[in-house]
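Given next are the chains, with one letter for each unit.
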Amino acid sequence: MTTTPSVSVFVLGWRTLWRDLRSGELRLLMVAVTLAVAALTAVGFFSNRLQSGLERDARQLLGGDAVVVSDNPPTAEWREQAKALGLQDVLTLGFPTMGRAGDAQGGGARLVALKAVAPGYPLRGGLRVSQTPQDKVGSPTREIPHSGEAWVDAPLLEALGLQVGDALFLGDSSLRIARVIALEPDRGSGFMSFAPRVMINEADLPATKLVQPASRITYRLALAGESAAVKRYQEWAEAELKKPGVHGVRLETLEGGRPEMRQTLDRAEKFLNLVALLAALLSAVAVALAARGFAARHLDDCAMLRVLGLPQRSIAGAYAVEFLLVGLAASIAGVALGFAVHHVFVAMLSGLVDTALPAAKLWPVAFGLGIGLTLLAAFGLPPVLQLAQVPPLRVIRRDVGAMRPASLAVLGLGVVGFAALLLAVSSDLKLGLIAVGGFAGAVAVFALLSWLAVMLLRRVVNEATAPRWLVLATRQVSARPAYAIVQVSSLAVGLLALVLLVLLRTDLVSSWRQATPADAPNRFVINIMPEQGDAFRANLQGAGVDQLDWYPMFRGRLTAINGKEVSPDDYTEDRAKRLVDREFNLSNALESPSHNQITSGSWLEGEADAISVEVGIAEALGLKMGDSLRFDVGGMPIEARVTSLRKVDWTSMHANFFVMFPVAQMHDVPVTYLAAFRAPEKAGFDNALVRQFPNVTNVDMSATLAQVQRVLDQVIRAVEFLFGFTLAAGLIVLFAAVSATREERAREFAIMRAVGASSTLLQGVQRAELVGVGLLAGFLASTVAVLVGWAMARYVFDFQWNASPWVPLVGSVVGAVLALAAGWWGLREVLRRPVVETLRKAAE
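Here's what I pulled together on the structure shown here.

Conventions and cut-offs
Residues numbered from 1 in each chain as written. Predicted model: local features only at pLDDT ≥ 70, side-chain atom pairs only at ≥ 80, totals over all residues. Heavy atoms only, no water. Axes fitted to C-alpha atoms, helices over the stretch in contact; angles between N-to-C directions. Helix = DSSP H or I, 4+ residues; strand = E, 2+ residues; numbered from the N terminus. Parallel < 35°, antiparallel > 145°, perpendicular 65-115°, else oblique. Left-handed = near helix turned anticlockwise from the far one by under 90°. Contact = heavy atoms within 4.5 Å. Nonpolar A, V, L, I, M, F, W, Y, C, P; charged D, E, K, R; others polar. Buried < 20%, exposed > 50% of the residue type's maximum accessible area, 1.4 Å probe, protein only. Core = buried A, V, L, I, M, F, W, Y, C linked by side-chain atoms within 4.5 Å. Arc of directions from axis to C-beta. Salt bridge = Lys/Arg side-chain N within 4 Å of Asp/Glu carboxyl O. Pairing = 2+ DSSP bridges. Patch = residues over 30% accessible without salt bridge, like charges linked within 9 Å, V, L, I, M, F, W, Y side chains within 5 Å. Areas by Shrake-Rupley, 256 points an atom, 1.4 Å probe, with all protein chains shown as cover.

### A few points about the packing of helix H15 (residues 533-542) against helix H18 (residues 685-692)
Piece 1. For the pair H15 and H18, the least separation of the axes is 11 Å and the interaxial angle reads 160°. Relative to H18, the element H15 lies roughly antiparallel. The two elements H15 and H18 cross, and the hand of that crossing is right-handed. Judged by residue contacts, Phe536, Asn539 and Leu540 of H15 engage Phe685, Leu689 and Gln692 from H18.
Piece 2. Residue composition of the contact of H15 with H18, grouped by class: 4 nonpolar, 2 polar and no charged.

In structure tokens:
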């Protein structure tokens, strides 16, 4: 009577785990899982902390937790509601005006952005001021200007030839310049915020007599307090804004923080998520290949356990315990590595948000552990669990109990679960669907084309005339088509990820660089009169400015669409209401701006009664091709049809307009001109320009441009750092794919060596097979990468795709080189085995 050994599943699982760890059987599995978890958690930790930091800094940029912005003084109920909810509030107002120097200092004048503040300002963030314009950092202060004082930006002192302590004339008042503003937290990014700031106490404003009935003043009621109270106030304010008759009022919240950086940060976050997704996908392939190789090497061991009477349930349980422990250990290691790596991101992007980032939350830890365990459960366990079904007869008959394809139900369930996790981490449905769906479709295409290639291989190679090493290599591949298909498909998936990342990274960085190149315009000059145009351009040319954006500009209010009068009440979205409630800056040009992309219709030079509209404003207002728009320009109606839509990159630092007329001149329309250019590195250039043309407004964008370029450099460094993780994952997949058939190769080479094949011949066979597989995989991967990259560039990252037609050729060569290198490393031991040992292994 046979008795079943009483062995605990957990004890057996622990023993097999310890044995396999010592023999190195689990090394590739653990590395693949660790790498995937590290990449995902590094991005998770960093994104979590960065988002928290941006939200915190957004409060400082707003000057409060929420801000009510209006064209008129807010009515009493806005402040009463805030007090009822226990919120702090402070009111500031700002508007453009002229600041003048005294006669002793030359009497110069300059357009300034005047801001009157009250005690308590700012509610969030802090001012930094200095005593000299040379001190760019300044010292923090909780004060505001005293009565009779003015705090100013350093460029204003240079423009007017003033110093701290001199008088600045504003309207009918003279205020003493007491301090220089180094940092103003709630300055914002509107056009007038680039004019030099002058900050005064609200008590001094009436004496200036600058506030008149027709003055265009912006009132900002900042609020701060408990988050729950702020949320209730926002809900109340949004309900108030929807009431009829409420115009010129809007609510600003955290979502609007740093809009000038939003596009860059969004693209960077999406690319980091893409890199992490591809690392996980590649690791899944590596885990599947390594697990199948692991199972193939344990067939004989499990057959012996079956002979000794161990039931299938115990064998399956032991391996499940082993893989659970492996998954936990590798996932914990990956989380620790990801946490360490995310600190590198933080260091690379230091300065993107003010002060230290908030502490990371725990959800990336849970997510990383879930990804690691799901990887092994979905792709590692299905082939390993087959070991429990190995028949005892395999001990004496090696031709039975071979590995079978994994159960489609088990594998499908795991793949669906893993794909769902990846879609969740992508934070962008389009990105996740294109990445996961694109790779799933690519695997099917690779398998089909690999099978066709194997079928054609024997017909292409003429065994009578071809070299012997090529004939043997062809026979090797065609003799086991299933292994060839798996190997080519796996290599192609790894190369697809690598090629896709290289292409996207190159074009994405290029698009960032082109948006704000080193020679991007850093001066905007407005209010240039038509009669000053020739002299102004001649002045710039004499100063060495050879590239100039030069456009006429006039203001108009949209009054009708397709003959129907429009008003803010016709729209529900706040942006659409604001667009209809204000005047547009309009322009005209015979040629389409080179930095704008026509997305619909066509720009016909000189076409009368035609306009080109920016795509964003067209979506906001519900405009489409052929619509007729009527503008009121200085009391004169102008009507035209929408004949083209333009895509405008507002971060390009070039002159851009919502609406443009494709004609050289607009007759009977009063225009001024706008110029955008890069100022020469010449001391006193701005002062000389303003003195020669005192009526113009010269806006210095150097600080903003420098900040944008600094952020780009930091983001690019972080992207490239994580890029290295995915390269490592790709190389692991290549190694796993090439090594998957190592034992089969060893047996085949043993037979060849037994019948007299030399090591040189076998090396040639191996190299030919690896190069052929690499060439095919590289070509397939590069071709699919171009298609997937185009979809991502267009629908996810929103930049122009410029893949070279040489990509498939280069990809084929790179695939061959990488496959040869991975094969040399993974299979070198096969050719170095002694003949006796090889024959013994082949006979087992």
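### As for unusual backbone geometry
Piece 1. A cis amide bond links Tyr121 with the next residue in sequence, Pro122, at an omega value of -10°.
Piece 2. Backbone geometry places Asn562, a non-glycine residue, at a positive phi of 55°.
Piece 3. Inspection of the secondary structure puts Asn562 in the loop between strand S13 (548-561) and strand S14 (564-565).
Piece 4. For Asn562, a relative accessible area of 45% puts it in the partly exposed group.

### Observations regarding the nonpolar core
Piece 1. Phe536, Leu621 and Phe677 are the most contacted members of the largest nonpolar core, which has 46 residues in total.
Piece 2. Once residues lying within four places of it in the same chain are set aside, the contact partners of Phe677 are Pro521, Asn522, Arg523, Val525, Phe536, Leu540, Val545, Gln547, Leu548, Phe685 and Leu689.

### A closer look at H15
Piece 1. Burial in H15 covers these residues: Gly533, Phe536 and Leu540. The buried residues of H15 occupy one face: seen down the axis, they fall within an arc of 70°. Relative to its buried face, H15 has exposed residues pointing more than 90 degrees away, namely Asp534, Gln541 and Gly542.
Piece 2. In the core, the buried residues of H15 are packed alongside strand S12 (523-528), S13, strand S21 (672-677) and H18.
Piece 3. Once H15 ends, the next one or two residues include Gly544, with phi positive near 100°.

### A look at the pattern of salt bridges
Piece 1. Taken as a whole, this structure holds 12 salt bridges when the rule is applied.
Piece 2. Note that Glu240 is salt-bridged to Lys243, the shortest N-O span being 2.7 Å.
Piece 3. Taking the relative accessible area as the measure of exposure, Glu240 reaches 15% and is therefore buried.
Piece 4. Among the ionic contacts, a cluster of salt bridges with common partners joins Lys115, Glu184 and Arg197.

### Overview of the pairing of strand S19 (residues 636-647)
Piece 1. Strand direction decides the pairing type here: strand S16 (residues 597-601) and S19, joined by 4 bridges, are antiparallel. By the bridge assignment for S19, Gln597 is matched with Lys647.
Piece 2. For strand S17 (residues 610-614) and S19, the ladder comprises 5 bridges, and the chain directions are parallel. In the strand pairing of S19, Glu614 is matched with Arg646.

### Notes on a nonpolar patch on the surface
Piece 1. Side chains of Trp14, Trp18, Leu21, Leu324, Leu325, Leu328 and Ile332 sit close together on the surface and give an oily, nonpolar patch of about 680 Å² of accessible area.
Piece 2. Contributing elements (two or more residues each) for the nonpolar patch: helix H1 (9-23) and helix H9 (312-348).
Piece 3. The leading source of residues in the nonpolar patch is H9, at 4 residues.
Piece 4. Within the secondary structure, Leu325 is located in helix H9.
Piece 5. Leu325 sits in the partly exposed class, given a relative accessible area of 31%.

### Details of the packing of helix H3 (residues 76-84) against helix H6 (residues 227-241)
Piece 1. Remark: H3 packs on H6, axes separated minimally by 10 Å, with the N-to-C direction vectors making an angle of 160°. By the angle between their axes, H3 is roughly antiparallel relative to H6. Seen along the crossing, H3 lies across H6 with a hand that is right-handed. Here H3 contributes Glu77, Trp78, Gln81 and Ala82 to the contact with H6, which in turn contributes Tyr233, Trp236, Ala237, Glu240 and Leu241.
Piece 2. In the contact of H3 with H6, the residues fall into 6 nonpolar, 1 polar and 2 charged.

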